[in-house]
Amino acid sequence: WRQVLRALGADDLATSTTSTAPTGPTGPVATGADPPDARFRLFAEALDVLAARSAPAVVVLDDLQWADPGSLRLFGFLGRQLQAAPVALIGTYRTADPRPPRALRALLADLAGVAVTHELIGLTAAEVGQLLAMSGAAVPADLAARLHRRTGGNPFFVRELAAAGTVAGTASGPAPFRNESAVPPTVHAAIDRRLRRLPADAARLLGVCALIGGRIPLPLLDAVLADPRSGLPPGPTSAQVRLAPVVDDRLLLREPAALAFPHDLVREVASALLDPDTRTSVHAAVASCLRTRGASAAEIARHVVAAGGALPPDEVVDACRSAADEARAAMAHESATRWRRRAVEAAPAATPELRLDLADAAGRSGDHELARTVYLQVGRTGRGADLIRAALGLQALGTATESSHRDVIDLLERALDDPAAAPATAADRARIGAALARELADGPDGDLPRATRLVESAVAAARRLDDRPTLAVCLFAAHDVAWGPGSAAVRLTLADEMAIAAAGDVELTFEALFCRFVAQVDLGDPGLDATLRDLEAHAVTHRLPRHLFLVRSRQASIAGLRGRLDEAARLRDEADAVAALIDHPDRQAVRATQVMAEALARGGPAELGRLHSGAGPLVPHELEPEIQAFRALAADRPQEAAAILRAAPSPMARARFRWRALAAVGLSGVAALAVGAPDLCERLYDELRPYADELLDVGGAVIVLGPASMYLGRLAAALGRPDAADAHLRDAVEAAARIGAQPCVDRCRAALAALSAPAAGTFRRDGSTWTLSFAGRSVTVPDAKGLTDLATLLRHQGADIAATRLLTGGAAAGSGADEILDATARSAFRARLDALERALDEAAAAGRPTTDLTAERDALIAELASASGLGGRSRRLGDPIERARTTVTARIRDVLRRLDDLHPDLAAHLRASVTTGRTCGYRPDRPVRWRL
């Protein structure tokens, strides 16, 4: 890539984009862009060079199967971004011998929808004849055809076989072509035979050239031959003269002041001309000569490592570390990781510093598994600065939200509490305390009271030290510890103070802005748009890919909130592409949650249920009961959905991450309204009411579901509380309008219209009679079950009510002869019970409270028991579906026939608005308000 960019007139970008991070007593401090961010800037600069060209350009990279992963990532990045530029980007690779490595296969998959792939199937038989004819000899057609069959038309094989004389004098028959599978060994043997024809001195000298590299500068070759370790005494003539037979046989090609191999295969075979001891000595000599000629650290290290026992271990370690530093400066993090690993392997006893350098490099290259493993190994045995570095490195590496954070918590606790590993400075202690507080604030290993104590102590210490960067880190932790329902105003204040303390620090300044944005979303503050623009400008200016991922994903959530679903999908895809580039641990979870919100916006609960049927995307733990209920609704099993919601602990109680709790209440309310369950609506209304002034969102505005007051208004309306519903819905209209959430405004206004519509009449029971008023006429009729059915439908205007529910008077019942809990629901219940048992064991072993876990387990067991009969057999739900349908339909029709005589207008209105069947509903042409 450097050659390509220099050919296009660009300077060495790696130098201009590399900055050295300041270091503290225990390693680099959290300031500025991290190495993945710097490499992203490098990629963007390469893009600028190519995209800014006015003249067309063709860039060809050959042999991608040998390319390092970093170069492949740049290829993929440019391939996606240059589609509109006058640049043709072409890469070639082998599909066999060797097969494409994993990094190349990943690139091909990533570019599947962007690149056009051309499979080169080789020359035709006629073209093979033409190629062979270029040597000046006439080639019979049958010979060309046989050679074509043996080689598949691969020009390299054809040329090498022809150059080795394989086809010479074979016009009479196909004897040399009996074994098609032996083509690659035949090529190898042909080259080997050519090498063995060389004079012994020339062959040994060619072996030395092969060890030097693909291109051999003549001054370097002379210097290596002058070194006694080369094993070749200087001859009476120059190296060029001694290599004349090699050049004549085209095993080496002449260049100005250099020689070059025509192909790597020739060099690989030639390197075997020297015995192992001579090869290591030659590598040692080459390394020594390269040091005096300003060669790259990687080139020197390659020979030092190959020299093996010919050089002392310390020299090998130093060379590998220099090569790693050079690779890191060039953003080639995968190469840096390989050199760090070799340094560890070369050291007789690898120090913690060497291993931590390897972990840091692995983390930057995206090999989080290796980084995590090394951090844990060092942290569990290390002391002092090594332990601190391992603990903070592991915490900075990040952990997928749903995973246990126990490993990083254990290391941070050792660093904080072990007297033998006491932090070097008060600032270190404050940072470790803040890091531990963040890990304990939420999640499966959460301990909020302890997190609160730790962060209060850390913030106080940072204030005493008057250490602004440390204070910013501690305030960031304080924000996360405070992050729960109703905390938006407090978090906004913390974010503003954090921004002041973080001034000048690129990373922490972004985090402060992001915390401010999320608090503004929770508060429904219209200033969120300005903050989001500031976040985007910050990420773009500093070319920070992790930050760009956060910005694009949040732009997608805001677009979805405002009903711009196509734009939201585009932004979601852009965010996902950036997350893939940096291997963000929450990439899949963010995408899945946003896809879930889109399904809910496009098609409601049933659409969301269909989305999650089968494999479905991942969902947060807190939302599992709601997703199961949506699946049941999608399958037309409303009573099963209600049973699942009733069996689950309340959303607020089961939230392992407090910043998901309110969204879980909102989604549970959507499901409860869909099944028409007043008991659930009552419970959820009470849970949500203290937070009526907030918006519901998940995970720092990954998705935004709208004002809490919108959900409260719908729940209040379902509970028959029109005054409360009216107040909530008006608040929701105002809150949604402030932030441009027009879909929420429309839903609230529709609900208000239903509430504010003039009372069309009365449908009220008075003892053994009913008073019915409509269109200016009132009648009194005797009680009948069909009247109760109609009153239920009028109360749930616009909703589907299962016939089985009407038949049983609202008691939990099923759909016909189905099981109360089908196989899917029972499996989900049992899986959750297993998870709870494990969580209880872990909590008991750790001495943590188990009250909430025990309550959830007992509720699930009770629900399963109610759904099981003798011997564990599943109970069936009530009467068959057909009986419920026919009975309820008959009851309603009987009432309507009686009203035809008593109140024809009412009968006509109900007959036009009421539907019956497996589910029944009341849907008038326009909202109608009844006194019930």
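So, here's what we can say about the structure. (Residues numbered from 1 in each chain as written. Predicted model: local features only at pLDDT ≥ 70, side-chain atom pairs only at ≥ 80, totals over all residues. Heavy atoms only, no water.)

### Overview of a nonpolar patch on the surface
Line of reasoning, step 1. On the surface, a cluster of nonpolar side chains totalling about 270 Å² of accessible area is made up of Val58, Val60 and Ile90.
Line of reasoning, step 2. Tracing the backbone shows Val58 in strand 3 (residues 57–61). (Patch = residues over 30% accessible without salt bridge, like charges linked within 9 Å, V, L, I, M, F, W, Y side chains within 5 Å. Areas by Shrake-Rupley, 256 points an atom, 1.4 Å probe, with all protein chains shown as cover. Salt bridge = Lys/Arg side-chain N within 4 Å of Asp/Glu carboxyl O. Helix = DSSP H or I, 4+ residues; strand = E, 2+ residues; numbered from the N terminus.)

### Digging into the packing of helix 38 (residues 722–738) against helix 39 (residues 742–756)
Two measures define how a pair of helices packs: the angle their axes make with one another and the distance between the axes.
Line of reasoning, step 1. Close contact between helix 38 and helix 39 brings their axes to 9 Å; oriented N to C, the two are set at 155°. Classified by the angle between their axes, helix 38 and helix 39 sit roughly antiparallel to one another. You can see that helix 38 and helix 39 cross each other, and the crossing is left-handed. Contact residues: helix 38 offers Pro722, Ala725, Asp726, Leu729, Arg730, Ala732, Val733, Ala736 and Ala737, while helix 39 offers Cys744, Val745, Cys748, Arg749, Ala751, Leu752 and Leu755.
Line of reasoning, step 2. Considered class by class, the residues forming the contact of helix 38 with helix 39 number 13 nonpolar, no polar and 3 charged. (Axes fitted to C-alpha atoms, helices over the stretch in contact; angles between N-to-C directions. Parallel < 35°, antiparallel > 145°, perpendicular 65-115°, else oblique. Left-handed = near helix turned anticlockwise from the far one by under 90°. Contact = heavy atoms within 4.5 Å. Nonpolar A, V, L, I, M, F, W, Y, C, P; charged D, E, K, R; others polar.)

### Section: the pairing of strand 3
Line of reasoning, step 1. Judged by which residues are buried, strand 3 turns out to be one-sided: Ala57, Val59 and Leu61 face inward and are buried, whereas Val58 and Val60, on the alternate face, are not.
Line of reasoning, step 2. Pairing of strand 3 with strand 4 (residues 87–91), which is carried by 5 bridges, proceeds in the parallel orientation. Along strand 4, the bridge assignment pairs Val59 with Leu89.
Line of reasoning, step 3. In terms of handedness, the path from strand 3 via helix 4 (residues 69–81) over to strand 4 forms a crossover that is right-handed. (Buried < 20%, exposed > 50% of the residue type's maximum accessible area, 1.4 Å probe, protein only. Pairing = 2+ DSSP bridges. Right-handed = clockwise from strand over helix to strand, strands pointing away.)

### Here we look at the packing of helix 29 (residues 545–561) against helix 30 (residues 565–582)
Line of reasoning, step 1. Where helix 29 contacts helix 30, the axes come no closer than 8 Å and their chain directions differ by 160°. What the angle tells us is that helix 29 and helix 30 run roughly antiparallel. Between helix 29 and helix 30 lies a crossing whose hand is left-handed. Listed contacts from helix 30 to Pro545, Arg546, Leu548, Phe549, Arg552, Ser553, Gln555, Ala556, Ala559 and Gly560 of helix 29 are Leu565, Glu567, Ala568, Leu571, Arg572, Glu574, Ala575, Val578, Ala579 and Ile582.
Line of reasoning, step 2. Classifying every residue of the contact of helix 29 with helix 30 gives 12 nonpolar, 3 polar and 5 charged.

### Some details on the environment of Asp325
Line of reasoning, step 1. Within the fold, Asp325 resides in helix 17 (residues 313–329).
Line of reasoning, step 2. Here Asp325 falls in the partly exposed class, since its relative accessible area comes to 44%.
Line of reasoning, step 3. Counting along the chain gives 15 residues from Asp325 to Arg340, while the straight-line C-alpha distance between them is 9.1 Å.

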